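Spelled out from the first residue to the last, the chains are:
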Amino acid sequence: MNIRKYTLILMTGLIISFIIGIVSFQQYFSIKANKDYELSDNHSRIVKTEGKEIKVFKEGAWESIKIKGVELSSFTPGYARFKSKIPKEEVSKWLEQIGDLNANVIKVPYIQPPSFYAALYDYNINREDPIYIMHEIMLDEKRVLENYDAFDGKVIKTLKKDIRKTINVIHGQSFLFSNKRNHTGLYLKDVSRYNLGFIIGTNTNPEIVTLTNVAHAGRDQYKGEFFSSMQANPYEIFVSEMLDYSASYESKKYSRTGILSFLTTIDTDALEYEYESNATKHAVINLNNISDESGKSLFTSYKFHPNSMDFLDYEYDVKDKTFEDNESNFSKQLNRLNTFYKLPVVISDTGISSSRGISKVDISDGYNRGGFSEKEQGETLVRLLKDIDRSGSSGAVINAWQDNWTNLTSFSMAEDFLDESASSYWHDRQSSDENFGLLEFVSGKEADKVYVDGDISDWEDRDYLTDENGLKLKVKSDAQNLYLLIEKEGWSLNKDDVYIGLDITPLSGSKVWKDQTELNTEADFIVKLDGYNESRVVVNKRYNIFDYFYKYYKNLIEKQDKPPQANSHDFSAIYLLNRKSFKKEGSSEIIPPIYYETGNLLHGNDNPKSKDFNSLADFNKTENFAEIKIPWTLLNMRNPLDKTVYGDFYIDGASTSIKIKDIGISINYKSDKEEFLTKEVRFDLENIKKIEYFERIKKSFFIVEEYWKENPKID
């Protein structure tokens with residue numbers, strides 16, 4: 001017993017001594033190797049602010065830097081948010097590609113695995129032009145939501161702990177144990193020589209700002225060594241304290257300081273808006289009210305997606321002589337920001353999604369949240385970057401390097417009820433927030449990938465499910481889509497109609513679409529192929545989740561008093577809500593909701609190797625063949641991995657789900673010469689036991705690469 005006890009103590013002591021020895025050696029080597037910094041006030045710095053500029057110290061002199069950044073995390077499919085097992089080689093490959101993009105900064109959203117920082121260290125060690133880091137530090141949402149008080153002891157304690165952990169990780173002196181809020185491991189690579197600084201509070205919501213100000217009214221001063229506030233609101237005092245704590249900790253422990261910011265957004269900035277709602281009007285963080293004692297360390301970090309707030313669509317309606325008539329609202333807002341803030345302004349989070357679905361519309365300038373092809377994504381990103389550069393900002397960070405399957409689309413009510421625990425394992429093409437990246441993870445093996453491109457060689461491994469009256473059907477699926485191949489000699493998409501019934505759930509469905517067609521399956525969805533521009537997917541009224549949410553449950557669109565019959569013969573369009581009704585503050589005018597038909601099918605070619613490539617293409621008709629791909633969420637699938645779909649939400653609510661094994665399919669073919677129904681066949685859903693995927697650089701990458709090839713000349 002004692003021998004075991006002492007052996008354990010001895011082994012633990014040896015391990016701790018080993019770690020301390022490695023850390024000490026790492027620190028010594030790092031200090032000896034790193035000579036490219038300025039020593040001032042007993043601490044070193046490689047970066048500083050000067051007026052409205054950010055400068056870095058290189059080869060013994062200060063030079064201005066324009067931030068050309070992308071957000072980079074360790075996300076790859078198959079791992080939960082803080083459980084990534086990404087190898088260093090994978091991150092190294094990404095960094096090479098990011099270097100090819102002509103980016104000079106990566107923004108890191110939270111602590112990543114040790115392999116991430118090791119790859120960054122190795123990438124930069126011998127490079128004349130390194131990729132710098134800007135590291136974010138989040139508030140603990142769980143703690144914040146307990147009392148909505150930034151001065152709550154638990155909130156401050158947890159945030160200070162996270163600040164220390166992040167700084168220690170950057171300096172290669174940290175051993176993090178299991179934690180639900182960050183990755184774990186032994187961090188020994190000192191990348192501080194490439195770290196520009198930290199952005200704190202990246203998930204601050206307006207409620208905590210407003211309620212903190214109410215709870216601590218009169219608290220308006222803070223005097224710190226690095227940051228102070230003499231006339232500020234209570235939340236700005238909290239910001240000052242956290243910035244001061246960060247600078248003080250890094251200075252005292254590592255004799256190093258960088259630049260710092262606390263993230264602001266349209267929700268929390270200090271600008272006045274005519275149509276802003278009371279929910280955000282009093283949530284003000286004005287970094288101009290924070291005194292930077294050194295005058296070299298504070299900058300404005302601003303998250304700005306052009307379609308983020310409804311009121312911006314109307315804010316600049318009124319003619320204003322300070323703006324050009326042809327300026328976008330995005331550009332006008334940027335110009336206001338740079339006029340308002342005395343500090344350098346970095347747009348630290350902006351982006352365009354290449355998702356199939358559109359979660360929010362920008363009625364002024366067309367910068368929608370989703371619905372852009374990869375080519376359009378790149379072209380639109382460049383327009384945003386040009387506006388940012390012209391505004392006098394110190395640069396921008398694109399969200400993001402890679403698509404992230406764990407992101408939920410905050411504007412979509414339906415996504416609140418998806419199986420979040422499995423979200424990192426499958427890709428929802430309808431979700432705008434999963435598709436902001438310049439790099440795509442494509443489900444399945446590259447050799448087996450189905451493209452809707454007119455080449456059906458990728459179907460050779462699949463047998464026909466239907467072969468009647470010369471009409472043939474093949475079906476495939478993966479973790480992204482359901483794929484259909486229809487073959488019929490002499491078939492005309494413009495003259496003939498094809499109705500494909502899909503039986504998803506046994507709880508509802510109909511063999512009849514009133515006044516349209518009949519089928520041999522209890523269809524929940526019908527794919528109607530009717531010309532190149534009018535083809536679409538429709539849903540049985542009972543299984544229409546849009547109607548349930550926004551007509552029956554919430555009455556946001558119109559009032560629906562009764563549930564449809566389970567075997568309703570009515571089928572309706574599939575819509576996505578883009579904006580709820582909007583009331584202009586200070587007026588009685590109410591702008592009605594905006595929604596669009598997402599069930600429309602786009603004809604095109606989705607093969608990236610094709611000169612006609614369109615990443616948004618849903619189907620392709622070539623000669624006697626039609627290939628169709630349908631994203632799972634368009635068919636009310638909650639989790640294709642365990643074959644879970646929505647149940648009957650009219651009975652059991654939106655959280656209901658059932659498991660299915662297969663999908664019933666029958667086809668009604670109509671032409672001027674013949675009409676027939678095929679028998680119902682059942683397609684057994686694929687058993688996805690292992691997450692397989694391959695990576696692909698999107699077309700948008702090359703468009704941004706060209707723009708960033710050199711520091712752009714601003715017109």
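Since this is a predicted model, take the numbers as computed values, not measurements.

## Description of the overall build of the protein
Working step 1: Across its full length, the protein carries 14 helices and 41 strands.
Working step 2: Relative to the compact-globule value of 27 Å for 715 residues, the protein shows a C-alpha radius of gyration of 28 Å, a close match.
Working step 3: In terms of overall dimensions, the protein has C-alpha extents of about 90 × 75 × 55 Å along its principal axes.
Working step 4: The positive charge centre, built from 92 side chains, and the negative charge centre, built from 112, are 5 Å apart in the protein.

## Considering the packing of helix α11 (residues 374-390) against helix α14 (residues 699-707)
Working step 1: Between α11 and α14, the least distance of the axes is 7 Å, while the angle of their chain directions is 30 degrees. Taken together, the axis directions place α11 and α14 in an arrangement best described as roughly parallel. Between α11 and α14 lies a crossing of right-handed hand. In contact with Glu-374, Lys-375, Gln-377, Gly-378, Glu-379, Leu-381, Val-382, Leu-385, Lys-386 and Asp-389 of α11, α14 contributes Lys-699, Ser-700, Ile-703, Val-704 and Tyr-707.
Working step 2: Broken down by class, the residue content of the contact of α11 with α14 amounts to six nonpolar, three polar and six charged.

## Considerations on the pairing of strand β24 (residues 510-513)
Working step 1: As defined by bridge partners, β24 adjoins strand β25 (residues 517-523) across three bridges and the pair is classed as antiparallel. Across the sheet, Ser-510 pairs through a bridge with Ala-523, a residue of β25.
Working step 2: Between the antiparallel neighbours β24 and β25 lie three residues, among them Asp-515 with a positive phi of about 65 degrees.

## As for the environment of Thr-204
Working step 1: Locating Thr-204 in the fold gives a position in the loop between β11 (195-200) and α6 (206-215).
Working step 2: Thr-204 gets classed as buried once you look at its relative accessible area, which sits at 13%.
Working step 3: At 2.9 Å, the side chain of Thr-204 forms a polar contact with the backbone oxygen of Gly-201.
Working step 4: A polar contact is formed between the side chain of Thr-204 and the side chain of Tyr-235, at a distance of 3.5 Å.

## Looking at the pairing of strand β7 (residues 105-108)
Working step 1: Of the two faces of β7, the one carrying Val-105 and Lys-107 and the one carrying Ile-106 and Val-108 are both buried.
Working step 2: Note: strand β6 (residues 67-71) against β7, three bridges, orientation parallel. What sits directly across from Gly-69, in β7, is Val-105.
Working step 3: Examined bridge by bridge, β7 and strand β8 (residues 132-137) share four bridges and lie parallel to one another.

## Observations concerning helix α7 (residues 234-254)
Working step 1: An ideal rise of 1.5 Å per residue puts 30 Å on 21 residues; α7 measures up with 30 Å between its terminal C-alpha atoms.
Working step 2: Most of α7 sits inside the fold, with 18 of its 21 residues counted as buried.
Working step 3: Between a side-chain oxygen at the N-terminus of α7 and the backbone nitrogen of Tyr-235 the separation is 3.0 Å; the capping residue is Asn-233.
Working step 4: Ser-255 occupies a position one or two residues after α7 and carries a positive phi of about 55 degrees.

## A word on the confidence of the model for the protein
In low-pLDDT segments, the atomic positions of the prediction should not be examined closely.
Working step 1: In the predicted model, the protein carries a mean pLDDT of 91, and the fraction of residues at 70 or more is 90%.
Working step 2: Counting interchain partners and residues more than four positions distant, the pLDDT-below-50 stretch residues 28-33 has four contacts.

## A word on the sheet that holds β11
Working step 1: Read across the sheet, nine strands follow the order β13-β11-β8-β7-β6-β18-β17-β16-β14 without closing on themselves; strand pairing throughout is parallel. With partners counted over all chains shown, the strands left at the sheet margins are β13 (259-262) and β14 (264-265), one partner each.
Working step 2: As paired elements, β11 and β13 share four bridges and run parallel to each other. Directly across from Ile-199, in β13, lies its bridge partner Ser-261.

## Some details on the side chain of Ser-115
Working step 1: Residue placement: Ser-115 occurs in helix α3 (residues 114-124).
Working step 2: According to the relative accessible area criterion, Ser-115 is buried, its value standing at 18%.

## As for the nonpolar core
Here is a general trend for soluble globular proteins: nonpolar side chains tend to be buried in one another's company.
Working step 1: Among the nonpolar cores identified, the biggest contains 116 residues, and Ile-106, Tyr-235 and Phe-238 are the most heavily contacted of them.
Working step 2: The element best represented in this core is α7, accounting for nine residues.
Working step 3: Ignoring sequence-local partners within four residues, the contact set of Tyr-235 consists of Leu-139, Ala-150, Thr-204, Ile-208, Val-209, Thr-212, Asn-213, Phe-262 and Ile-285.
Working step 4: Judged by nonpolar contacts, the second largest core, of 52 residues, contains Leu-473, Leu-484, Phe-525 and Ile-663.

## Concerning the packing of aromatic side chains
Working step 1: Under the criterion given, the structure shown has 40 aromatic pairs.
Working step 2: Ring centres of Phe-330 and Tyr-367 lie 6.3 Å apart, and the angle between their planes is 75 degrees; this geometry places the pair in the edge-to-face category. Placement of the pair is Phe-330 in helix α10 (residues 329-340) and Tyr-367 in the loop between β17 (345-350) and α11, with a sequence separation of 37 residues.
Working step 3: For Phe-330, a relative accessible area of 1% corresponds to the buried category.

## Concerning the packing of helix α5 (residues 153-170) against α7
Working step 1: Following both chains from N to C, one finds α5 and α7 inclined at 35 degrees, their axes separated by 10 Å at the closest point. As α5 packs across α7, the resulting crossing turns out to be right-handed. Contact with α5, carried on its side by Ile-156, Leu-159, Lys-160, Ile-163, Arg-164, Ile-167 and Asn-168, involves Phe-238, Met-242, Tyr-245, Ser-246, Tyr-249, Glu-250, Lys-253 and Tyr-254 of α7 and no other residues of that element.
Working step 2: Of the residues in the contact of α5 with α7, the class split is nine nonpolar, two polar and four charged.

## Description of the pattern of salt bridges
Working step 1: In this structure the tally under the stated criterion is 47 salt bridges.
Working step 2: Between Lys-611 and Asp-612 there is a salt bridge, with its nearest N and O atoms 3.5 Å apart.
Working step 3: For Lys-611, a relative accessible area of 78% corresponds to the exposed category.
Working step 4: It is possible to trace a salt-bridge network through shared partners that takes in Glu-71, Lys-107, Glu-136 and Asp-349.

Cut-off values and rules
Residues numbered from 1 in each chain as written. Predicted model: local features only at pLDDT ≥ 70, side-chain atom pairs only at ≥ 80, totals over all residues. Heavy atoms only, no water. Helix = DSSP H or I, 4+ residues; strand = E, 2+ residues; numbered from the N terminus. Rg over C-alpha atoms; globule rule 2.2 N^0.38 Å. Lys, Arg positive; Asp, Glu negative; His and termini not counted. Charge placed at Lys NZ, Arg CZ, Asp CG, Glu CD. Axes fitted to C-alpha atoms, helices over the stretch in contact; angles between N-to-C directions. Parallel < 35°, antiparallel > 145°, perpendicular 65-115°, else oblique. Left-handed = near helix turned anticlockwise from the far one by under 90°. Contact = heavy atoms within 4.5 Å. Nonpolar A, V, L, I, M, F, W, Y, C, P; charged D, E, K, R; others polar. Pairing = 2+ DSSP bridges. Buried < 20%, exposed > 50% of the residue type's maximum accessible area, 1.4 Å probe, protein only. Polar contact = N/O pair within 3.5 Å; in protein donor to acceptor, adjacent residues only side chain to side chain. Expected span 1.5 Å × (residues − 1). pLDDT = per-residue confidence, 0-100. Core = buried A, V, L, I, M, F, W, Y, C linked by side-chain atoms within 4.5 Å. Phe/Tyr/Trp six-rings, centres within 6.5 Å; stacked < 30°, edge-to-face > 60°. Salt bridge = Lys/Arg side-chain N within 4 Å of Asp/Glu carboxyl O.

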